[in-house]
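# Structural description and commentary
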Amino acid sequence: MGKLILRRFLYALLQIVGASIIVFVIVRLLPADPAAAMLGPDVAPGQVEALRQQLGLDNSLFQQYVTWAGDALSGDLGRSWYTSQPVWDDISKRLPATVELVGYSLLTTIFVLIPIGVLSARKTRRAYGRVIDKVIFLYGMLAGAIPDFLLGILLIALFYTQLHFGVAPIGRLDVSVTPPPDVTGFFTIDSILDGNWVAFKSAVAHLILPVLTLTFVYGAPVLKMTRQTVKHMLDAEFTDYARAAGLSERAILRIALKNSLPPMIITIGLTFGYVIGGAVLVETVFSWGGFGQYAVQAISNADLAAVQGFVLVATVISIGVYFVVDVLHYMLDPRVGA
Amino acid sequence: MQQSAKRRSRAFVTALIAGTCVLATGLVASGVSSAAGDKADDASTLVVASIGTPPTVDLDDTGGKPQGWEIANNIYGKAASYPITADGQRNFLKYVPGLYKSWNRNADGSVWTFDLRRGVKSCAGNTMTSADVVWSAQRWFATKKLGALVAGFMNVTSASQVTAVDQYTVRFTLNAPSALVLPVLALGRAAIFDSTEVKKHTSSSDPWGSQWLSTNGAGFGPYCLDSLTPGTEAVLSANPNYWDGVPPIKRIVYRAVPDASNRAALLKNGDVDIALALPPDQLTSLEKRKGITITNTPGTAVFSLLLNNLAGPLGNTNFRKALLWATPYDQILTDIYKGKYAQATKGTVAPRWPGYSAKVWPYKTDLVKAKAALKASKIKTPVKLGLTFAVLSPTDEQVAVLLKSAYAKIGVKMNIKIITPAENGTTLATHNFETMLYRLQPQAIDSVYGSEVYAGKGLSTNWTNYHYQAVWDVFDKIRSEILTRKRIAAETQIQALEAKNPGWVPLLTQNYVVAHTSAVKGIVWQNDEGLLFWELSKS
């Protein structure tokens, strides 16, 4: 176990370094010149070049990367020219909003879609079994076909604009609600800690549509994988043996579920990465003010330090999740460590 | 036993469905009640839906950041401003005192003396003195940002040119006379900081408090910055010490709503008082709605097709004239701007610009004249040209497509190239385009400056590489003239000369359009197109 963790940890470090190099190079291939973007179009000849020198943009890519990586190791991700703030300060202010959104989307996937997948995997001769089959097939097709941001816009148009049945897509809280004191940065938790039920209610209400959007689009693979895997397990010979041995259907289902867990956990881990990516546009649609919206703004403004900071933090989070998934997978099926 | 398992399984499913229903009902109920409580119905609070929150509120660092200057204007106020006339417009030929109580200049206009208003207090409670103005000028030139740029318009190029005469008097000694002193003060970019407060937040690595000022206000204006949650909202409250009395609206909530259709929906549902930057389609859908008013006034942003006068056939005056004659002006106005959110423009400056004269500009859509000009140019068709634009507004692409189709009729094939907003500056500064859609909007309002800034010899903002000695001679002759009457006459002369040798295609002038609830009053266009909250009221 210790060896596996160490090996995976070293892989994770290599992945982070590799990702940071790739992103560093790609960001610098963007057609926009950050010095020109900073100075704007009303700039005297020579000023852009002077600023490029001041920012070290005239150094070789290797020199620039070494400088950036050295600073990043000491916790300095640079300064955003657009906000004039250290990038880490900008990110740390916005990250909780994204983690809260992504977290609830994953929790909804785990606690709603997985049980549906498990229950729908059971054999039945009744008509509703076939209906469920078709519904899940249709859902899978829809989730794969509808872009996340479009679903978000459609949900807002339906529930908020037409039916007047949802909260305004105006961020994480109503305008009239004061945010709870910052403890975790998650409004749902901080409002409970503060005993501020108005803020809690508002935070929950504002989470519904974006969580629904992300869960609908990114939960489909988890649902389908759960259903297929559990179904496969229920068709397996060991299940026939268990049934012949007189075990209850519930006990059989539990055994099937336990055997289905490794691929399900891997799928959930992969889904996490996709949800983080999906949050970039969904946050913009719901005016969420999170980490993803910051990335969109940074890219539009050629804010190199901010883009790199975003990608580095997103990479570390994703690789961290994959690391946990690997360890859990090993714990459930020690053969993978061999 | 199997029966029992089935029963338990059914009970489990039933419980799951019931639980989900209870949860959903609870969430929806909280959503509905929450939505009801979200309405912007408090007369002392104004809720504004904008594209984003200000990336910074340091007025000196708000160049190219409209949300930044919109909020910072309200924190820093203005040294002087334009009076509002009886018809609800600003008179750009007159000035009323603001933070500066009065001013006078020497005979040739090279030395200006300003008397500061007494008893002006910042949100921190510090009194404004000449030391604040001098420190601010030092900061303009140390940080070399917006303050230094606009001071340059006034021919003030170093901090030593701004001196304190006494505690409430400051003197600006100009390199040469400039007609732009008062226009720059009315623009409000030469920020006066509460130096006592800022100095508390400086350090050896940040001697001018730039990091602190990016998220905190230190002005003597009508509003104080209560909070700035990046990407979410900025909240302002009225400055209780404001010299002109506490503004009617006590609290401003400036919310980031990046999606235009969401901003329109929020206004429709009464969740915000003002929805900014809506495209024409959204405005049209809102204008007949009860309780919503569209304030639609002429602006000064001339939406233009810039022509790089050094790029191939575009160096030929007759070829440029052919493009001007072939441009579908009315179609752009009608189809894209719905015939009401922009105005026809006969010249390179906006119809409301001092010195504008529609009589001197002959160009309208006329394919016969376009073909004649093309023939006179002796340039063989078909000609291929690039048409570059950054998607700064959803209408830009529609305009590009219309132009492409119109110019194809005279044998000019436009190849559309879309760039990111971040590439805009680079593309303009390096003249790396053949033709490019861009909004020309000189912010300091002065007749001749409006033309010279984009056509002046050697200026970094002469993006089209425009060169016409007759026009430059007029610029040289009038540059140091400070009499408004003479400058306006010169501007009309410049427009006539530019018509003979046009440098680019002025397509139209965009209106300043703000959608808001009918309860909001007092929205008046001003030159940087930001809202001045202290002028607004809400019934």
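Residues numbered from 1 in each chain as written. Chains lettered and ligands numbered in written order. Predicted model: local features only at pLDDT ≥ 70, side-chain atom pairs only at ≥ 80, totals over all residues. Heavy atoms only, no water.

## Notes on the overall build of chain B
The following threshold applies: By definition, any uninterrupted DSSP run of H or I lasting at least four residues is a helix, any uninterrupted run of E lasting at least two residues is a strand, and each is numbered from the N terminus. This radius of gyration counts C-alpha atoms alone. The globule rule is 2.2 Å times how many residues there are, raised to the power 0.38. Throughout, exposure labels follow a simple rule: accessible area from a 1.4 Å probe, protein chains only, divided by the maximum for the residue type, with under 20% read as buried, over 50% as exposed, and the rest as partly exposed. It only takes one pair of heavy atoms within 4.5 Å for two residues to be counted as in contact. Under the convention used here, a 1.4 Å probe and the Shrake-Rupley method define accessible areas, while residue burial counts only the protein chains that appear.
A count of helical and extended segments in chain B gives 17 helices and 19 strands. Relative to the 2.2 N^0.38 estimate, which gives 24 Å for 539 residues, the radius of gyration of chain B is 27 Å and therefore close to what a compact globule would have. Each principal axis of the C-alpha atoms in chain B carries an extent, and together these give about 100 × 70 × 50 Å. Here chain B, with 539 residues, has 58% of them falling under the buried criterion. Nonlocal contacts in chain B, meaning residues at least 24 apart in sequence, comprise 71% of its contacts between residues at least 6 apart. Here chain B has roughly 20600 Å² of accessible surface; of this, 54% comes from carbon and sulfur atoms.

## Digging into unusual backbone geometry
Among all residues save glycine, negative phi is the norm, and among peptide bonds the norm is trans. In the segment running from Thr381(B) into Pro382(B), the intervening peptide bond is cis, with an omega of 0°. Here Ser287(A), not a glycine, exhibits a phi torsion of approximately 50°, which is positive. Take Ser287(A): it is sitting in the loop between helix 11 (249-285) and helix 12 (291-300). In the Ramachandran plot, Lys378(B) falls in the positive-phi region, its phi being about 60° despite a non-glycine side chain. Within the secondary structure, Lys378(B) sits in the loop between helix 12 (367-377) and strand 14 (383-390).

## Considering the nonpolar core
Inclusion rule: Residues enter a nonpolar core if they are buried and are Ala, Val, Leu, Ile, Met, Phe, Trp, Tyr or Cys, with the set joined through side-chain atoms within 4.5 Å.
The biggest cluster of nonpolar side chains holds 153 residues, and the ones touching the most others in it are Phe172(B) and Leu437(B). With eleven residues, the top contributor of residues to this core is helix 11 of chain A. Other than its neighbours up to four places away in sequence, Phe172(B) contacts Tyr100(B), Ser110(B), Val111(B), Trp112(B), Phe114(B), Val133(B), Trp140(B), Met154(B), Val156(B), Gln161(B) and Val162(B). Of all hydrophobic cores here, the second largest spans 44 residues; its members include Val57(B), Ile274(B), Val520(B) and Trp534(B).

## Regarding the pairing of strand 7 (residues 169-173) of chain B
All names here are of chain B. Heads up, the condition is: For two strands to pair, DSSP has to find at least two bridges joining them.
Here strand 5 (residues 111-116) runs beside strand 7; their pairing, made up of five bridges, is antiparallel. Each bridged residue has a counterpart across the sheet, and for Asp115 the counterpart in strand 7 is Thr169. Note: strand 6 (residues 162-166) against strand 7, four bridges, orientation antiparallel. Bridging across to strand 7, Val162 finds its partner in Phe172. In this structure, the hairpin formed by strand 6 and strand 7 is closed by a connection of two residues.

## Examining helix 4 (residues 61-73) of chain A
All names here are of chain A. Spelled out, the test is: One fewer than the residue count of a helix, multiplied by 1.5 Å, yields its expected span. Each C-beta atom gives one direction from the helix axis, and the arc is the one those directions make.
Given a rise of 1.5 Å per residue, 13 residues ought to cover 18 Å, and the 18 Å separating the end C-alpha atoms of helix 4 matches this to within 8%. Along helix 4, the residues classified as buried are Gln64, Tyr65, Trp68, Ala69 and Ala72. Viewed end-on, helix 4 has its buried residues packed into an arc of 125°, placing them on one side of the element. In helix 4, the exposed residues that point more than 90 degrees away from the buried face are Phe62 and Leu73. Buried residues in helix 4 make contact with helix 1 (2-28) and helix 13 (304-332). At the exit of helix 4 stands Gly75, carrying a positive phi of roughly 90°.

## Some remarks on the pattern of salt bridges
Residue and element names in this part refer to chain B. Defined as follows: Put simply, a salt bridge is a Lys or Arg side-chain nitrogen that is within 4 Å of an Asp or Glu carboxyl oxygen.
Per the counting criterion, the structure on display carries 21 salt bridges over all chains. Notably, a salt bridge pairs Arg90 with Glu535, separated by 2.7 Å at the nearest N-O pair. Within this pair, whereas Arg90 is found in the loop between strand 2 (80-81) and strand 3 (96-97), its partner Glu535 is found in the loop between strand 18 (520-521) and strand 19 (537-538), the two being separated by 445 residues in sequence. Residue Arg90 is classed as buried on the basis of its relative accessible area of 7%. On the basis of relative accessibility, which here comes to 25%, the residue Glu535 falls in the partly exposed class. Where Lys340 meets Glu287, a salt bridge forms, and the shortest distance between an N and an O atom there is 2.5 Å. Of the two residues, Lys340 is situated in the loop between helix 11 (329-336) and strand 13 (342-343) and Glu287 in helix 9 (residues 280-287); the sequence distance between them amounts to 53 residues.

## Focus on the pairing of strand 10 (residues 251-256) of chain B
Residue and element names in this part refer to chain B. Of all six residues in strand 10, five are buried, a share of seventy percent or more. Two elements, strand 1 (residues 45-50) and strand 10, share six bridges in a ladder whose sense is parallel. Note on strand 10: the bridge partner recorded for Val48 is Tyr254. Sheet topology places strand 9 (residues 233-238) next to strand 10; five bridges connect them, and they run antiparallel. Residue pairing across strands places Ser237 opposite Arg251, the latter belonging to strand 10.

## Let's talk about the environment of Leu73(A)
Residue and element names in this part refer to chain A. By secondary structure assignment, the location of Leu73 is in helix 4. Taking relative accessible area as the criterion, Leu73 reaches 79% and is therefore assigned exposed. Along the chain, Leu73 and Thr215 lie 142 residues apart, while their C-alpha atoms are 35 Å from each other.

## Here's the deal with the packing of aromatic side chains
Threshold: Only the six-membered ring of Trp is used, alongside the rings of Phe and Tyr, when aromatic pairs are assigned; centres must lie within 6.5 Å, and planes under 30 degrees apart are stacked while those over 60 apart are edge-to-face, with the rest tilted. Look at NZ for Lys and CZ for Arg. If either is within 6 Å of the ring centre and within 35 degrees of the ring normal, a charge sits over the ring.
Counted under the stated rule, the structure contains 26 aromatic pairs over all chains. Note on Phe24(A) and Tyr65(A): the rings are 5.3 Å apart at their centroids and 80° apart in plane angle, and the pair reads as edge-to-face. Of the two residues, Phe24(A) is situated in helix 1 and Tyr65(A) in helix 4; the sequence distance between them amounts to 41 residues. With a relative accessible area of 16%, Tyr65(A) lands in the buried category. Taken together, Tyr76(B), Trp135(B), Phe193(B) and Trp208(B) form an aromatic cluster joined through their ring pairs. Against the face of Phe303(B) rests Arg439(B), its NZ or CZ located 4.2 Å from the ring centre.

## Description of the confidence of the model for chain A
We count it as follows: As a per-residue measure, pLDDT reflects the predictor's confidence and takes values from 0 up to 100.
Averaged over chain A, the pLDDT score is 86; the fraction of residues at 70 or greater is 96%. Taking the mean pLDDT of every element in chain A, the minimum, 74, falls on helix 2 (residues 34-39) of chain A and the maximum, 94, on helix 8 (residues 187-194) of chain A.

## A word on a nonpolar patch on the surface
Just so we agree on the cut-off: Think of a patch as exposed residues, more than 30% relative accessible area, with no salt bridge, where like charges cluster within 9 Å and nonpolar side chains (Val, Leu, Ile, Met, Phe, Trp, Tyr) cluster within 5 Å.
Among the surface-exposed residues, Met1(A), Ile5(A), Val324(A), Leu328(A) and Met331(A) lie close enough to one another that they form a single nonpolar patch of about 420 Å² accessible area. In this fold, Met1(A) is placed in the segment before helix 1.

## Section: the side chain of Thr300(B)
All names here are of chain B. Structurally, Thr300 is set in strand 12 (residues 292-307). On the basis of relative accessible area, Thr300 is assigned to the buried category, the value being 2%. Look past the residues within four positions of Thr300 in its chain and what remains in contact with it is Ala350, Arg352, Trp353, Leu440, Gln441, Pro442, Thr509, Gln510, Trp525 and Glu529.

## Quick word on the packing of helix 1 of chain A against helix 13 of chain A
All names here are of chain A. This is how the line gets drawn: Where helices are involved, their axes are fitted lines through C-alpha atoms of the stretch in contact, as for all axes, and angles between N-to-C directions lie from 0 to 180°. By the definition adopted for this analysis, an angle is roughly parallel if under 35 degrees, roughly antiparallel if over 145, roughly perpendicular if from 65 to 115, and oblique otherwise. Here is the rule for handedness: rotate from the far helix to the near one, and if that takes an anticlockwise turn smaller than a right angle the crossing is left-handed, while a clockwise turn gives right-handed. Amino acids are sorted into nonpolar (Ala, Val, Leu, Ile, Met, Phe, Trp, Tyr, Cys and Pro), charged (Asp, Glu, Lys and Arg) and polar (every other residue, Gly among them).
It is at 9 Å that the axes of helix 1 and helix 13 come closest, and there the two elements cross at 155°. With respect to each other, helix 1 and helix 13 are oriented roughly antiparallel. Crossing of helix 1 over helix 13 shows right-handed handedness. Residues that form the contact of helix 1 with helix 13 fall into these classes: 18 nonpolar, four polar and three charged.

## Side note on the side chain of Asn527(B)
All names here are of chain B. How we decide: Contacts described as polar in this section are N or O atom pairs within 3.5 Å, which, within protein, must combine one atom able to donate a hydrogen with one able to accept it, while residues neighboring in sequence count only if both atoms come from side chains.
Among the structural elements, Asn527 can be located in the loop between strand 18 and strand 19. A distance of 2.9 Å separates the side chain of Asn527 from the backbone oxygen of Gln443, its partner in a polar contact. Residue contacts for Asn527: discarding those within four places in its chain leaves Tyr82, Leu187, Gln441, Gln443 and Ile445.

## Description of helix 15 (residues 447-455) of chain B
Residue and element names in this part refer to chain B. Counting buried positions over the nine residues of helix 15 gives nine, a clear majority of the element. Within the sequence span of helix 15, burial applies to Ser447, Val448, Tyr449, Gly450, Ser451, Glu452, Val453, Tyr454 and Ala455. Packed against the buried residues of helix 15 are helix 4 (146-153), strand 16 (435-440), helix 16 (469-478), helix 17 (484-500) and strand 17 (504-517).

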